[in-house]
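# Residue-level structural notes
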Amino acid sequence: SSSPNADTTITLPGGMAQNDLVIVAQAIGDNDNAALTMAVVTPTGYSNVITQISNTADTQDVYFKVWYKFMGATPDTSVTVDGLGGADAASAAVCMVFRGVDTTTPFDVTSTTASAIDTAHANPPSIDHLNPSGVWTVIAGGSGHTLGDTSTYTFPTGYTTNAIDRGHNDTSDVTVGMGYKTTPADPEDPGVMTHSGTDNVAFAWAAASMALRPAVFAPAQNAYR
């Protein structure tokens, strides 16, 4: 995490392999009601899958974006995202790595997004995936608030294993988080990422739900005579 205009760098997990899918979520908390063009600074090859902003009526805004990239033969070791916003803004980012995702169509259906004002409790929307065997759902969300960098999410049922969140403190504060579920319903309505601390009508949130399509592995080839 960082205070803009300082970029935010994540050290990626060791042990990654070719075709592992890295998903990065960043959120910026600010109070300027500005248009922020968030981007991955380095390395190249990350594609944007989610852009969601909640900044129209509340004092504390949140700018939220998600990117993804399949690793090559030499996996990345870190990823850096833009540090944007005013001098009193806060940026935080998290990542998860998934193995066994379809490299041609990683997202089974179009990801769904939602945002709202008057609360920091992020509510990833329902997603109606195609129900392939082995599908996983991933939720991510960000909240703009003034509760400091120790604020956390309580993730909904089914999304608590390895769930991750990160906050940052400035005049405007931010929390971002991500979790996954290995046995989603169809459709899947994840539930609320409950934010800690005392809620306030000046806060805002943005969130997304994604469905990862599993790769179909061909059986071993055998020769018969």
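Here the structure is shown first, and the text comes after it.
The sections below set out a description of the structure shown in this document. Per chain, the residues get numbers from 1 upward, laid out in the order the sequence is written. Totals for whole chains, interfaces and linings use every residue, but because this is a predicted model, local features are given only for residues with pLDDT of at least 70 and side-chain atom pairs only at 80 or more, for both listing and counting. Computation of side-chain values: all heavy atoms of the structure, hydrogens and water removed.

## A few points about the nonpolar core
Note that soluble globular proteins tend to have their nonpolar side chains buried in a common cluster. The test is simple: We define a nonpolar core as any set of buried Ala, Val, Leu, Ile, Met, Phe, Trp, Tyr and Cys residues linked to one another through side-chain atoms lying within 4.5 Å. Relative accessibility decides the category of a residue: with a 1.4 Å probe and only protein chains considered, values under 20% of the type maximum give buried, values over 50% give exposed, and everything between is partly exposed. The secondary structure listing takes helices from DSSP runs of H or I that are at least 4 residues long and strands from runs of E that are at least 2 residues long, numbered from the N terminus. In this analysis, two residues are considered to be in contact whenever any of their non-hydrogen atoms come within 4.5 Å of each other.
With 28 residues, the main nonpolar core has I23, A25, F64, V66, F98, M178 and L212 as its most contacted residues. Mapped by element, the contributors of at least two residues to this core are β2 (21-30), β5 (61-70), β7 (90-98), β9 (136-145), β12 (173-181) and β14 (204-212). What M178 contacts, discounting residues up to four positions off in sequence, is I23, V24, A25, V94, C95, M96, V138, I139, A140, F155, A163 and I164. One finds M16, V22, V40 and M71 within the second-largest nonpolar core, a separate group that totals 18 residues.

## Structural notes on the side chain of D30
So the rule is basically this: N or O atoms within 3.5 Å of each other form a polar contact, as long as, within protein, one can give a hydrogen and the other can take it, and as long as residues adjacent in sequence are counted only when both atoms are side-chain atoms.
Following the sequence through the fold, D30 ends up in strand β2. A distance of 3.0 Å separates a polar atom in the side chain of D30 from the backbone nitrogen of G86. Ignoring anything within four residues of it in the chain, the contact list for D30 reads T59, Q60, D61, Y63, G85, G86, D88, A89 and S172.

## A short note on the environment of V79
Along the chain, V79 falls in strand β6 (residues 78-81). Spatially, the C-alpha atoms of V79 and V201 are 34 Å apart, while their sequence positions differ by 122 residues.

## A closer look at the sheet that holds β7
Note the threshold: Should DSSP find at least two bridges between two strands, the strands are taken to pair. Axis angles are defined between N-to-C directions and span 0 to 180 degrees, where every axis is a line fitted to C-alpha atoms and, for a helix, only to the segment in contact.
Strand order across the open sheet formed by four strands is β4-β5-β2-β7, with antiparallel pairing between neighbours. Here the strands that pair on one side only, and so sit at the sheet edges, are β4 (47-54) and β7. In this sheet, neighbouring strand axes are inclined to one another by 15° on average, regardless of whether the strands run parallel or antiparallel. Where β4 meets β5, seven bridges bridge the pair, whose relative direction is antiparallel. Looking at the pairing, N48 lines up with W67 of β5.

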